[in-house]
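If you want the building blocks of each chain, they are given just below.
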Amino acid sequence: MKRREAVRLLAVAPLAAAFSWAPESARDAALLARKALRQRPYEPKNFTAHEWETVRVLVDLILPKDERSGSATDAGVPEFMDFMLGDDTDLQTPVRGGLAWLDHECDDRYAKTFVACSDAERAAVLDDIAWPKKASPKYSAGVAFFNSFRDFTASGFFSSRIGIADVGYIGNTFVAEWKGCPPEALTKLGVHYE
C-alpha cells in the first residue's frame with residue numbers, strides 16, 4: 001500500500017476526533033490556509049523560522065506530491081497547522097516539543113538538524129518512529145509525536161481543496177436506489193449480505 005493510500009484511509013475516519021477541535025476551528029483553519037496560499041510568502045505566526053522549515057519538510061515526507069495530487073505544502077498544511085497552533089495553544093507544546101525531539105535525535109545520530117539531514121538520514125529517523133508496534137521503547141516520545149503529527153498533517157490535507165479532490169468527495173448527493181456496499185469492497189472485507 002502506498003503511503004498516500006494509508007494516510008487517505010486515516011482521513012476516512014473522523015480526523016477531528018483525534019484532536020479536541022471544534023468543527024468550526026478546522027473549517028476556519030482550512031479557509032485561512034487557502035487564503036494564505038494565495039498570499040506568498042506566508043509568514044508563520046506560531047512557529048520560529050527553523051520550526052517552519054522543519055514543518056514544511058516533514059509534512060511533505062508524510063504526504064508527498066504524486067501523480068494524483070499535490071503535496072501537503074501545496075495543500076496549505078503548514079499554514080493550517082500555524083493557524084491551529086494559534087487557535088489551540090494546547091497544541092503548541094506537543095508540536096514544538098516534537099519538532100525539537102526530531103532535531104535532538106538527528107543531532108545525536110548525525111550532528112545535524114532534521115532539515116540539514118540527507119533524505120536517507122531523515123528516512124532512518126522516521127522509520128524508527130513511524131511504526132509504533134515495531135518501535136523501540138527508547139523512541140516512545142518520538143512515536144507519540146509522529147503519530148499525532150501525521151494525524152495533524154492528514155487533517156490539514158484532507159480538509160483542503162486538494163485533499164477533498166484526492167479523496168474524490170462529491171458532497172451529499174441523492175441516490176435513488178441504494179444497492180449497498182460494492183461487491184469488490186465486501187469481498188475485500190470478507191463480508192457479505194444475507
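All of these numbers come straight from a predicted model, not from anything done at the bench.

## Some details on the pattern of salt bridges
Step number 1: Under the definition given, this model contains six salt bridges.
Step number 2: Taking the shortest distance from any N to any O, the salt bridge between Arg96 and Glu51 comes out at 3.0 Å. Linking Arg96 in helix H5 (residues 92–110) with Glu51 in helix H3 (residues 49–62), this pair joins segments that are 45 residues apart in sequence.
Step number 3: Residue Arg96 is classed as partly exposed on the basis of its relative accessible area, which comes to 28%.
Step number 4: Taken together, the shared-partner salt bridges in this structure form one network comprising Glu105, Arg109 and Asp128.

## Here's the deal with the nonpolar core
Step number 1: With 39 residues, the main nonpolar core has Leu58, Met81, Leu102 and Phe149 as its most contacted residues.
Step number 2: Counting residues per element, the ones that place at least two in this core are H3, helix H4 (77–87), H5, helix H6 (119–129) and helix H7 (140–158).
Step number 3: Setting aside its immediate chain neighbours within four residues, Phe149 contacts Val55, Leu58, Val59, Ile62, Met81 and Val95.

## Considerations on the confidence of the model for the protein chain
Step number 1: Confidence in the prediction of the protein chain, expressed as mean pLDDT, is 85, and 79% of residues score 70 or more.
Step number 2: Segment residues 12–18 is flagged for pLDDT under 50; beyond a separation of four residues in sequence, or across chains, it makes five contacts in the model.

## Looking at H6
Step number 1: Where H6 is concerned, the buried positions are Glu121, Arg122, Val125, Leu126 and Ile129. The buried residues of H6 occupy one face: seen down the axis, they fall within an arc of 130°. The exposed residues of H6 that point more than 90 degrees off its buried face are Asp119, Ala120 and Asp127.
Step number 2: Looking at the buried positions of H6, the neighbouring elements they touch are H3, H5 and H7.

## Let's talk about the environment of Lys65
Step number 1: By the secondary structure assignment, Lys65 is in the loop between H3 and H4.
Step number 2: Taking the C-alpha atoms as reference, Lys65 lies 9.9 Å from Ala75; in sequence the two are 10 residues apart.

## What to know about the packing of H5 against H6
Step number 1: Where H5 meets H6, the axes come as close as 11 Å, and the angle between the chain directions of the two elements is 120°. Taken together, the axes of H5 and H6 are oblique relative to one another. Classified by chirality, the crossing of H6 by H5 is right-handed. Note on element contacts: H6 touches H5 through Glu121, Ala124, Val125, Leu126, Asp128 and Ile129, opposite Trp101, Leu102, Glu105, Cys106, Arg109 and Tyr110.
Step number 2: When its residues are assigned to classes, the contact of H5 with H6 shows eight nonpolar, no polar and four charged.

Reading the values: the criteria
Residues numbered from 1 in each chain as written. Predicted model: local features only at pLDDT ≥ 70, side-chain atom pairs only at ≥ 80, totals over all residues. Heavy atoms only, no water. Salt bridge = Lys/Arg side-chain N within 4 Å of Asp/Glu carboxyl O. Helix = DSSP H or I, 4+ residues; strand = E, 2+ residues; numbered from the N terminus. Buried < 20%, exposed > 50% of the residue type's maximum accessible area, 1.4 Å probe, protein only. Core = buried A, V, L, I, M, F, W, Y, C linked by side-chain atoms within 4.5 Å. Contact = heavy atoms within 4.5 Å. pLDDT = per-residue confidence, 0-100. Arc of directions from axis to C-beta. Axes fitted to C-alpha atoms, helices over the stretch in contact; angles between N-to-C directions. Parallel < 35°, antiparallel > 145°, perpendicular 65-115°, else oblique. Left-handed = near helix turned anticlockwise from the far one by under 90°. Nonpolar A, V, L, I, M, F, W, Y, C, P; charged D, E, K, R; others polar.

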